[in-house]
Amino acid sequence: MKLTIGHKLLLLFCIMAVLFVCFALYINFSLASFETLIKENKDTSALLVKVSGIENFVIGNLIAGFFIGSGILYYLWQITTSISRPLKDLVEAANEIANGNLSVSLKNITVNNEVGELARDFNKMVQSLKAIIGEVKDDVAQLASASEQMVASSAEIVGGSQEQSMKSTQVA
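Residue positions are counted from 1 within each chain, in the order its sequence is given. The predicted nature of this model means local features are confined to residues of pLDDT at least 70 and side-chain atom pairs, given and counted, to a pLDDT of 80 or more, with totals for whole chains, interfaces and linings taken over all residues. Side-chain metrics in this entry use all non-hydrogen atoms of the structure; hydrogen atoms and water are not considered.

**With respect to the overall build of the protein chain**
At step 1: In terms of regular secondary structure, the protein chain is built from 3 helices and 0 strands.
At step 2: Think of it this way: any DSSP run of H or I at least four residues long counts as a helix, any run of E at least two long counts as a strand, and we number them from the N terminus. Reading the protein chain from its N terminus to its C terminus gives the helix and strand order α-α-α.
At step 3: It only takes one pair of heavy atoms within 4.5 Å for two residues to be counted as in contact. Sequence separation of 24 or more characterises 58% of the internal contacts of the protein chain that already satisfy a separation of 6 or more.
At step 4: Carbon together with sulfur atoms contributes 67% to the accessible area of the protein chain, which is approximately 13,000 Å² in total. Method for areas: the Shrake-Rupley scheme with a 1.4 Å probe, in which residue coverage is limited to the protein chains shown.

As structure tokens, this is what we get:
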């Protein structure tokens, strides 16, 4: 199954939500056990060990969160550039075509997502435009040739008419 950009973002959001829920549940469980420990024990050394454990857990989770967050940001950056770079190339090619340059081709876009599909269809459109313009040029050339033949025929008819007119005048 081919994952689209929207599916990738949804999957990333789900992973983040699961991590957040797991972290929240663990913190809630730790605080509940800490509260129970406070109620049951008056021994401060056991409380200090528990506080130290919670501090270590929070610091470890902050470090892990930093790396996970950095990974998520990098992944989002990759998704963003995989969309924006090809779209920028597509806009530049469209501007070239608007200026009459049909030699534009988007060969360097190799992504296999919606943007890559758009680029491939864009190339097909350019080829179709070239073919249509070629057909129009051929039709114009044929029309020009036919017009020249009609002008030549008209000139012969006019010449023949003038000759007939002169002969008619001489006979009379």
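Still to come is the rest of the account.
**Concerning the packing of aromatic side chains**
At step 1: Centre distance within 6.5 Å is the pairing criterion for rings of Phe, Tyr and Trp, where only the six-membered ring of Trp is used; planes under 30 degrees apart are then read as stacked, over 60 as edge-to-face, and the remainder as tilted. One pass over the full model with this rule turns up 2 aromatic pairs.
At step 2: For the ring pair Phe66 and Phe67, a centre distance of 5.4 Å and an interplane angle of 75° mean the geometry is edge-to-face.
At step 3: Summarising the aromatic geometry, the rings of Tyr74 and Trp77 are spaced 5.9 Å apart at their centres and angled 35° between planes, so their arrangement reads as tilted. Of this pair, Tyr74 and Trp77 both sit in helix 2 (residues 44-98), separated by 3 residues, roughly a single helical turn.

**Observations concerning the confidence of the model for the protein chain**
For any part of a model where pLDDT is low, the fine detail of the predicted coordinates should not be relied upon.
At step 1: Mean pLDDT over the protein chain works out to 79, with 88% of the residues at or above the 70 mark.
At step 2: Note: pLDDT gives the predictor's confidence per residue, expressed from 0 to 100. Of all the helices and strands in the protein chain, helix 1 (residues 5-40) carries the lowest mean pLDDT, 74, while helix 3 (residues 114-171) carries the highest, 84.

**Concerning the nonpolar core**
At step 1: To define a nonpolar core, start from buried Ala, Val, Leu, Ile, Met, Phe, Trp, Tyr and Cys residues and group those joined through side-chain atoms within 4.5 Å. Partly exposed describes any residue whose relative accessible area lies between the buried limit of under 20% and the exposed limit of over 50%, with all areas from a 1.4 Å probe on protein chains only and scaled to the type maximum. In this structure, Leu90, Ala93, Ile97, Leu102, Val104, Leu106, Ile109, Ala119, Phe122 and Val126 together form the largest nonpolar core, which totals 10 residues.
At step 2: Secondary structure elements with two or more residues in this core: helix 2 and helix 3.
At step 3: Setting aside residues up to four positions removed in sequence, Val104 forms contacts with Ala93, Glu96, Ile97 and Val126.

**Quick notes on the environment of Asn61**
At step 1: Tracing the backbone through its elements, the reader meets Asn61 in helix 2.
At step 2: Of the residues examined, Asn61 reaches a relative accessible area of 23% and is grouped as partly exposed.
At step 3: Spatially, the C-alpha atom of Asn61 lies 8.4 Å from that of Phe23, the residues being 38 residues apart in sequence.

**Details of the side chain of Asn123**
At step 1: Mapped onto the elements, Asn123 comes out in helix 3.
At step 2: In this view, Asn123 contacts Ser105, Leu106 and Lys107; residues no more than four positions away in its chain are not counted.

**Remarks on the environment of Lys124**
At step 1: Relative to the helices and strands, Lys124 is located in helix 3.
At step 2: The exposed category is assigned to Lys124, whose relative accessible area is 55%.
At step 3: For Lys124 and Ser105, which are 19 residues apart along the polypeptide, the C-alpha to C-alpha distance reads 9.5 Å.

**Some points on a nonpolar patch on the surface**
At step 1: Like charges within 9 Å and nonpolar side chains (Val, Leu, Ile, Met, Phe, Trp, Tyr) within 5 Å are joined into patches, using only residues over 30% in relative accessible area that form no salt bridge. Salt bridges are counted wherever a side-chain nitrogen of Lys or Arg sits within 4 Å of a carboxyl oxygen of Asp or Glu. Taken together, Leu11, Ile15, Leu19 and Ile68 make up a surface patch of nonpolar side chains, about 330 Å² in accessible area.
At step 2: Here the nonpolar patch takes 3 residues from helix 1, the largest share from any one element.
At step 3: Its place among the elements puts Ile15 in helix 1.
At step 4: The exposure class assigned to Ile15 is partly exposed, which follows from its relative accessible area of 44%.

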